Amino acid sequence: MNNLTTLILIALAGLAGQLVDGGLGMGFGVTSTTMLVMLAGLGPAQASAVVHTAELGTTFVSGISHWRFGNVDWKVVASIGIPGAVGAFAGATVLSNLSTEAAKPIMSLILALIGANLMLRFSRGLTRRKLGVKPHSRGFLGVLGLFGGFVDATGGGGWGPVTTSTLLSAGRSEPRRIIGTVNTAEFFVTLAATLGFVLGMWDDLVANLAAVAALLIGGVIAAPLAAWLVTRLNPILLGGIVGTLIVMLNLPIVLTAIGLDSHLWIPRLLILGIGLVLSWRGVVKARQHSKAASDRERIEAAPHAPESVEDHAKSR
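Residues numbered from 1 in each chain as written. Predicted model: local features only at pLDDT ≥ 70, side-chain atom pairs only at ≥ 80, totals over all residues. Heavy atoms only, no water.

## Things to note about the overall build of the protein chain
Scanning the protein chain from terminus to terminus reveals 13 helices and 0 strands. From first element to last, N terminus to C terminus, the protein chain shows the α and β order α-α-α-α-α-α-α-α-α-α-α-α-α. When each of the 316 residues of the protein chain is scored for burial, the buried share is 46%. Look at the contacts in the protein chain between residues 6 or more apart in sequence, and 81% of them connect residues 24 or more apart. (Helix = DSSP H or I, 4+ residues; strand = E, 2+ residues; numbered from the N terminus. Buried < 20%, exposed > 50% of the residue type's maximum accessible area, 1.4 Å probe, protein only. Contact = heavy atoms within 4.5 Å.)

## Some thoughts on the UniProt feature "transmembrane region" (unreviewed entry) in the protein chain
Residues annotated in UniProt with the feature "transmembrane region" (unreviewed entry) correspond here to residues 76–96, 102–120, 178–199, 205–229, 236–259 and 265–284. The distance from the first to the last C-alpha atom of residues 102–120 is 28 Å, and the span holds 100% helix and 0% strand. Measuring from the first to the last C-alpha atom of residues 265–284 gives 29 Å, for a span that is 100% helix and 0% strand. (UniProt positions renumbered as here; feature names shortened; annotations may be inferred.)

## With respect to the packing of aromatic side chains
In total, this model carries 2 aromatic pairs according to the counting rule given. Each ring, one from Phe187 and one from Phe188, has its centre 5.6 Å from the other, and the planes form 75 degrees; the classification is edge-to-face. The exposure class of Phe188 is partly exposed, given its relative accessible area of 37%. One aromatic cluster in this structure is built from Phe60, Phe187 and Phe188. The side chain of Arg121 reaches across the aromatic face of Phe122, ending 4.8 Å from its centre. (Phe/Tyr/Trp six-rings, centres within 6.5 Å; stacked < 30°, edge-to-face > 60°. Lys NZ or Arg CZ within 6 Å of the ring centre and 35° of its normal.)

## Here we look at the packing of helix H2 (residues 28–38) against helix H3 (residues 44–68)
Following both chains from N to C, one finds H2 and H3 inclined at 140 degrees, their axes separated by 9 Å at the closest point. Viewed along their axes, H2 and H3 adopt a mutual orientation that is oblique. Where H2 crosses over H3, the handedness of that crossing is right-handed. Contacts between H2 and H3 involve Phe28, Gly29, Ser32, Thr33, Leu36 and Val37 from the first element and Pro44, Ala47, Val50, Val51 and Glu55 from the second. The residue inventory of the contact of H2 with H3, partitioned by class, reads 7 nonpolar, 3 polar and 1 charged. (Axes fitted to C-alpha atoms, helices over the stretch in contact; angles between N-to-C directions. Parallel < 35°, antiparallel > 145°, perpendicular 65-115°, else oblique. Left-handed = near helix turned anticlockwise from the far one by under 90°. Nonpolar A, V, L, I, M, F, W, Y, C, P; charged D, E, K, R; others polar.)

## Quick word on the nonpolar core
In this structure, Ile10, Leu36, Val50, Leu167, Phe197 and Leu215 are the most contacted members of the largest nonpolar core, which totals 56 residues. The next biggest cluster of nonpolar side chains, apart from the first, holds 5 residues, and it includes Met119, Val247, Met248 and Ile271. (Core = buried A, V, L, I, M, F, W, Y, C linked by side-chain atoms within 4.5 Å.)

## A word on the packing of helix H4 (residues 74–96) against helix H6 (residues 138–155)
In contact at an axis separation of 6 Å, H4 and H6 are set at 35 degrees when each is read in the N-to-C sense. Here the hand of the crossing between H4 and H6 comes out right-handed. The residue inventory of the contact of H4 with H6, partitioned by class, reads 14 nonpolar, 8 polar and 1 charged.

## Overview of H6
For H6, built from 18 residues, the straight-helix expectation of 26 Å at 1.5 Å per residue is met to within 8% by its first-to-last C-alpha distance of 25 Å. Looking one or two residues beyond H6, the residue adopting positive phi is Gly156, at roughly 75 degrees. (Expected span 1.5 Å × (residues − 1).)

## Points about the layout of surface pockets
By volume, the second largest pocket amounts to about 380 Å³. Together, 14 residues line the second largest pocket, and Asp73, Val76, Pro135, His136 and Leu141 are the ones closest to its centre. Breaking the lining of the second largest pocket down by element, the ones donating at least two residues are H4, H6 and helix H8 (175–200). The residue inventory of the lining of the second largest pocket, partitioned by class, reads 5 nonpolar, 4 polar and 5 charged. (1 Å grid on protein atoms, 1.4 Å probe; cavity = no way out; pocket = protein on both sides within 12 Å on 5 of 7 lines; lining within 4 Å. Points joined across faces, edges and corners; volume = space filled by probe spheres on them.)

## A short note on the environment of Phe150
Among the structural elements, Phe150 can be located in helix H6. Once the C-alpha coordinates of Phe150 and Val189 are considered, the two residues, 39 residues apart in sequence, prove to be 9.2 Å apart. The residues touching Phe150, leaving out its near neighbours within four places in the chain, are Gly87, Ala88, Ala90, Gly91 and Val94.

## A short note on the side chain of Thr194
Within the secondary structure, Thr194 sits in helix H8. By relative accessible area, Thr194 is classed as buried at 7%.

## Some remarks on the environment of Ala103
Note on placement: Ala103 falls in helix H5 (residues 100–123). Sequence separation between Ala103 and Gly155 is 52 residues; the distance between their C-alpha atoms is 9.7 Å. Contacts of Ala103, omitting those with residues within four sequence positions, involve Pro44, Leu95 and Leu98.

## Some details on a nonpolar patch on the surface
Residues Phe60, Val61, Ile64, Trp67 and Trp74 make up a contiguous nonpolar surface patch of about 540 Å² in total accessible area. By secondary structure assignment, the location of Ile64 is in helix H3. What makes Ile64 partly exposed here is its relative accessible area of 37%. (Patch = residues over 30% accessible without salt bridge, like charges linked within 9 Å, V, L, I, M, F, W, Y side chains within 5 Å. Areas by Shrake-Rupley, 256 points an atom, 1.4 Å probe, with all protein chains shown as cover. Salt bridge = Lys/Arg side-chain N within 4 Å of Asp/Glu carboxyl O.)

## Focus: the side chain of Ser79
With respect to the helices and strands, the residue Ser79 is situated in helix H4. Among the polar contacts listed, one links the side chain of Ser79 to the backbone oxygen of Lys75, at a separation of 3.0 Å. Once residues within four sequence positions are removed from consideration, Ser79 is found in contact with Arg138, Leu141 and Gly142. (Polar contact = N/O pair within 3.5 Å; in protein donor to acceptor, adjacent residues only side chain to side chain.)

Structure follows, in structure tokens:
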């Protein structure tokens, strides 16, 4: 991995991944892995190993930052992080023992499903249910963590789209607490996945240490830019577009693997059209939700006017 052009492409993958993650609170792994496979030519297992090794640094810093700002529920971290680590180790072990030919369509299918999940999620305008008081059961968090960790390792990303989206849609905690808790738990998931790759493909990981450094550098450069862009870009539109691109890049690989490799421009064009419609729908929905929330806040904050004589008469 001493080709300068390849290293630049990997750094760009890290930069793009961090821009997405900074705008959405998820997506570094899935975006970086897709670009590593498509642009840098890495195999699925190598790409996932590189991404997870680089994420050891980013998730550790993220977890510390969220802890300092009081965004972490440590009980939930343990309930979701430990099963997530088990799932991630199992996923990394499975992926390490698959051939490149077998792993590529499997990973592409997982990435395409994650991209479709992002498209559908952001088409709803990030709607969240009303906050409740009953916490999630340990069993629910354990199953969610196990599944999210396995998908994260085998797909090169997906912890955020699987776990954060599910917990946000349930709406049983503050969004900042959900994001901070899930990001903190991700460090343990990433550590377990990296350990699985170390045991299963140590030589490949050592050979790609330059790629790890390039990905990390790209992510570090993008971090402050992402923090600025999140105040300028519409995150719902960004999320929908990213999901659409991930599906467009990965679904043709799946179709080719099952023998449907003719006229691939047709499904690509169809996905693009559906993605644009869903993204615009998400923007419209978000504006409607925002207006409704503003109206409710204005009504609740307004002083109650004295009842008029006419209203009093009607009430009688």
